[in-house]
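If you want the building blocks of each chain, they are given just below.
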Amino acid sequence: MRETMYQLYNELQDKYLAMEPVQKRQVKMVNFPYIRLEENGLMIFKATDELSPEQKLLTGC
C-alpha cells in the first residue's frame, strides 16, 4: 500500500514540476505523508507520527 502511495506521489510531483509558473501558483505541491527509511536492510515507509525521536532527528522531521 505504501509503495503504491509513494509511486502516486512521485507521479504527482513530476506533473507539478512540469507545470508553468502561472499554473503552480494556482495549486499546492502535494506532500508525502510517509518517510522512507532503511530498517534491517529493508526499505520501509513510516508515517511521520510513527517515527521514533531518533528517527525524527535523522530525517529532519
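This text follows the structure it describes.
Bear in mind that the values here come from a model prediction, so they are computed numbers and not experimental data. Throughout, residues of each chain are indexed from 1 in the direction in which the sequence is written. Only residues with pLDDT of at least 70 are given local features in this predicted model, and only at 80 or more are side-chain atom pairs given and counted; all residues enter the totals for whole chains, interfaces and linings. Hydrogens and water are ignored here; the side-chain numbers use all heavy atoms of the structure.

**Re the pattern of salt bridges**
- Here, a salt bridge means any Lys or Arg side-chain nitrogen found within 4 Å of an Asp or Glu carboxyl oxygen. Under the defined criterion, the tally for this structure stands at one salt bridge.
- Residue Lys46 pairs with Glu39 through a salt bridge whose shortest N-O separation is 3.2 Å.
- The buried label goes to any residue with under 20% of its type's maximum accessible area, the exposed label to any with over 50%, and the partly exposed label to all in between, with areas taken from a 1.4 Å probe on protein chains only. Its relative accessible area of 18% is what places Lys46 among the buried residues.
- Look at Glu39 and you get partly exposed, because its relative accessible area is 29%.

**Looking at unusual backbone geometry**
- Here the phi dihedral of Asn40 falls at roughly 55°; this positive angle occurs in a residue that is not glycine.
- Helix and strand labels come from DSSP, where a helix needs a run of H or I of at least four residues and a strand needs a run of E of at least two; each type is numbered from the N terminus. Structurally, Asn40 is set in the loop between strand E1 (34-39) and strand E2 (42-47).

**Quick word on the side chain of Gln55**
- Its place among the elements puts Gln55 in helix H3 (residues 53-59).
- The exposure class assigned to Gln55 is buried, which follows from its relative accessible area of 13%.
- In protein, a polar contact means a hydrogen-donor-capable atom and an acceptor-capable atom, both N or O and within 3.5 Å, with residues adjacent in sequence counting only if both atoms are side-chain atoms; elsewhere, any N or O pair within 3.5 Å suffices. One polar contact links Gln55 to Lys46, side chain to side chain, over a distance of 3.4 Å.
- Contacts are assigned to residue pairs that have any heavy atoms within 4.5 Å of one another. Beyond its immediate sequence surroundings of up to four residues, Gln55 is in contact with Leu37, Glu39, Lys46 and Glu50.

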